[in-house]
Amino acid sequence: RHLRSSALLLRDTVRRATGIELPLVAEDQAQQGRKRLFIGATAASKTTGVTLDSKKLWEYAIVAADNDLHLFGNDRRWRKDGSYDAFTLGTVKAVTSFLEQFCGADFLYPGNDGISVGKLQKISFPDNLRIQKVPQILYGVGRRQGMFYDIANNMFPAPWNGTYGGHSHNIAIPAAEYAKKHPEYFALIKGKRDLNPRYPAYCLSSPAVQELIYQELIRHADQGYEMVQLAQSDGFRGCECEACRKLYGVSSWGEKLWIMHAKMAERFAKERPGKLIHIIAYGPTRTPPQTFRKFPGNVIIELAPYSQEIMKRWKGYQVKNGFTVYLYNWGQYNPGGLTPKTSPAFCAEQVRVFMRNQVKGVYRCGFGELFGLEGPAYYVFGKIFDHPAQDEKELLADYCRNAFKESALPMSVFFGNLYQRLGMIPLPDYRNSEAFISRP
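Starting afresh in each chain, residues are numbered from 1 along the sequence in its written order. Whole-chain, interface and lining totals are the exception, using all residues; otherwise, since this is a predicted model, local features are given only for residues with pLDDT of at least 70 and side-chain atom pairs are given and counted only at 80 or more. Heavy atoms from the whole structure form the basis of all side-chain values; hydrogens and water molecules are not counted.

(A) Inspection of the overall build of the protein at higher detail. In this text, helices come from DSSP runs of H or I with a minimum length of four residues, and strands from runs of E with a minimum of two, each type numbered from the N-terminal end. Tallying secondary structure elements over the protein gives 14 helices and 17 strands in all. By the compact-globule yardstick of 22 Å for 440 residues, the protein fits well, its C-alpha radius of gyration being 24 Å. Overall size of the protein, expressed as C-alpha extent along the three principal axes, is 80 × 55 × 40 Å. Only protein chains enter the area calculation, which uses a 1.4 Å probe; residues under 20% of their type maximum are buried, those over 50% are exposed, and those in between are partly exposed. Residue burial in the protein is summarised as follows: out of 440 residues, 52% are buried. The criterion used for residue contact is that any of the two residues' heavy atoms lie within 4.5 Å. Residue pairs in contact within the protein that sit at least 24 positions apart in sequence constitute 66% of those at least 6 positions apart. Only the protein chains shown count as cover for residues, and the accessible areas themselves come from Shrake-Rupley with a 1.4 Å probe. Entry remark: accessible area of the protein is about 20,600 Å², with carbon and sulfur atoms responsible for 52%. Averaging the positions of the 57 positive and the 42 negative side-chain charges in the protein gives two centres separated by 3 Å. The reference for a compact globule is 2.2 Å times residues^0.38; the radius of gyration itself is calculated from the C-alpha atoms. A positive count includes Lys and Arg, and a negative count includes Asp and Glu. His and the chain ends are not counted in either. Charge coordinates come from a single atom per side chain, which is NZ of Lys, CZ of Arg, CG of Asp or CD of Glu.

(B) How the structure looks around helix H1 (residues 2-18). Here H1 contains 17 residues, and its C-alpha end-to-end distance of 24 Å stays within 8% of the 24 Å for a straight helix at 1.5 Å per residue. Residues of H1 that are buried: His2, Ser6, Ala7, Leu9, Leu10, Thr13, Val14 and Ala17. Looking down the long axis of H1, one finds its buried residues gathered within 160 degrees of arc, a one-sided arrangement. One fewer than the residue count of a helix, multiplied by 1.5 Å, yields its expected span. Here, the arc refers to the directions that run from the helix axis to the C-beta atoms.

(C) Main features of the nonpolar core. One finds Ile301, Trp314, Phe354 and Phe381 to be the most contacted residues of the largest nonpolar core, which totals 122 residues. Excluding its chain neighbours within four sequence positions, the residues that come into contact with Phe381 are Met155, Leu327, Asn329, Trp330, Cys347, Gln350, Val351, Phe354, Val362 and Arg364. Think of a nonpolar core as a cluster: buried Ala, Val, Leu, Ile, Met, Phe, Trp, Tyr and Cys residues, connected wherever their side-chain atoms sit within 4.5 Å. Core analysis: the second largest hydrophobic core is formed by six residues, Val50, Val63, Ala65 and Phe72 among them.

(D) Fine view of helix H12 (residues 392-404). With 13 residues, H12 should cover 18 Å at 1.5 Å per step; its first-to-last C-alpha distance of 18 Å lies within 8% of that length. Taken together, the buried positions of H12 are Glu392, Leu395, Leu396, Tyr399 and Cys400. Each buried residue of H12 lies within a common arc of 135 degrees when the element is viewed along its axis, so the set occupies one face. Counted as exposed and oriented over 90 degrees from the buried face of H12: Lys393 and Glu394. Of the surrounding elements, those touching the buried residues of H12 are helix H10 (344-356), helix H11 (371-386) and helix H13 (408-422). In the analysis that follows, any N or O atom pair within 3.5 Å is treated as a polar contact, provided that within protein one partner can donate a hydrogen and the other can accept it, and provided that, for residues neighboring in sequence, both atoms belong to side chains. The backbone nitrogen of Lys393 has a side-chain oxygen 2.8 Å away, supplied by the residue at the start of H12, namely Asp391. Lys405, located one to two residues past H12, shows a positive phi value of around 50 degrees.

(E) View of the side chain of Asn329. As for its position among the elements, Asn329 is in the loop between strand E16 (323-327) and H10. Polar side-chain contacts of Asn329 include one of 2.7 Å to the side chain of Gln350.

(F) Layout of the side chain of Asn321. Looking at the secondary structure, you find Asn321 in the loop between helix H9 (308-313) and E16. According to the relative accessible area criterion, Asn321 is buried, its value standing at 17%. Reaching out from Asn321, the side chain makes a polar contact with the backbone oxygen of Gly297 at a distance of 2.8 Å. The residues touching Asn321, leaving out its near neighbours within four places in the chain, are Leu276, Gly297, Asn298, Val299, Ile300 and Lys360.

(G) Geometry of the pattern of salt bridges. Whenever a carboxyl oxygen of Asp or Glu lies within 4 Å of a side-chain nitrogen of Lys or Arg, that contact is scored as a salt bridge. Counted by the stated rule, this structure contains 24 salt bridges. Notably, a salt bridge pairs Asp386 with Lys133, separated by 3.6 Å at the nearest N-O pair. Of the two residues, Asp386 sits in helix H11 while Lys133 sits in strand E8 (residues 130-133), which places them 253 residues apart along the sequence. The shortest N-O distance in the salt bridge between Lys341 and Glu374 comes to 3.9 Å. With Lys341 in the loop between E16 and H10 and Glu374 in helix H11, this residue pair connects regions lying 33 residues apart in the sequence.

(H) Just the packing of H12 against H13, in detail. Relative orientation of the contacting elements H12 and H13 amounts to 135 degrees, with a least axis distance of 9 Å. Judged by the angle between their axes, H12 and H13 are oblique. Relative to H13, the crossing made by H12 is right-handed. Together, Leu396, Cys400, Arg401 and Phe404 of H12 and Ala408, Met411, Ser412 and Phe415 of H13 make up the contact between the two elements. All amino acids are sorted into three groups, where Ala, Val, Leu, Ile, Met, Phe, Trp, Tyr, Cys and Pro are nonpolar, Asp, Glu, Lys and Arg are charged, and the leftover types, Gly among them, are polar. Per-class residue counts for the contact of H12 with H13 are six nonpolar, one polar and one charged. Orientation is described by axes fitted as lines to C-alpha atoms, over the contacting stretch for helices, and by angles from 0 to 180 degrees between their N-to-C directions. Here the angle decides the label: under 35 degrees means roughly parallel, over 145 means roughly antiparallel, 65 to 115 means roughly perpendicular, and every other value means oblique. Crossings are assigned a handedness: left-handed for a near helix turned anticlockwise from the far helix by less than a right angle, right-handed for a clockwise turn.

Keep in mind these values describe shape, not function.
Shown next, in the form of structure tokens:
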């Protein structure tokens, strides 16, 4: 049904742009000898000579061939429910990209009213048009806004990603299940086993504890996920037993965790080849490992928090699958509260850094809570992923022109002044340095 919704969107956009109403028919009803537009993995699309790699989840193509136009991509259902975030929908990305590039459409904010469409005399494209693209960004997780807005702006859902929201150790060894029958699994702190049910700490030198953590990876991968999370518990506290002090011959708990997680990743690569391990760089593991600089080939690192300073620490490390980031750009917890927190210029430069440093996924904490005043920043953030060289000032002008029409000039002045002043406010430490507000 999502591909049909895309076809209806295309028909509606063409009508708004040109006044022409395109007929919508099944492929077997399309008349030979007429110009046709195919959406999805049709039989006709197989004649274009374009082959998509099923492992490249959001790959899509826009191809003109034999007087026809084809919009298709990698489409896959990952969960039983029918919501769009249960799918990867490369075809929807092909449709929204075509509408933006050739039909004068702009996805400014969620909903049909948020789609701006300019008036056109005709819709034209080269006879040899051939666009085949694999987006670098694999997901833009956060508060969902709607299928067309999210996908057009590269905020892709990630139903293939087995995440727990940041932490896996406590999922593997829940205190409610193990505290009474195996207190020895929990950290020895000041002579007592720490059985904190909210932020459990573990005796990580225990082979049984390590095996439970590892088996949770296997269980999660076998549920059908392509990537599974491996991360220490929140509010981490290191066990003080003798075996943990000597673990791996290093004193730093961050280093112990990196070594343990890397060993698990090596084993996982043999037992579940082709699956990825998502390891969090958070709390004690914010600092990269010091005893090794090359990660197993199935590892992707999540920087939480992310800052340019933290990103620089990873220069010289070999992380084949790159990084994901956890962003604090937005959200009421920022000093600005319910006022704007991030400018288009800041967003544009941030995304350019992502593109230069193999960032593959983004968690957008607080995104979407303030479309009225932060909408232009959201727009620039999404668009720069497609074309990093775009000028954010021109994008801001496009947003104002398409969103506000005859009021574009005063709104451009308003937002220009607003963001200029916003740029004068120092960023909170957790957004521009290595500092981080830890939980109790």
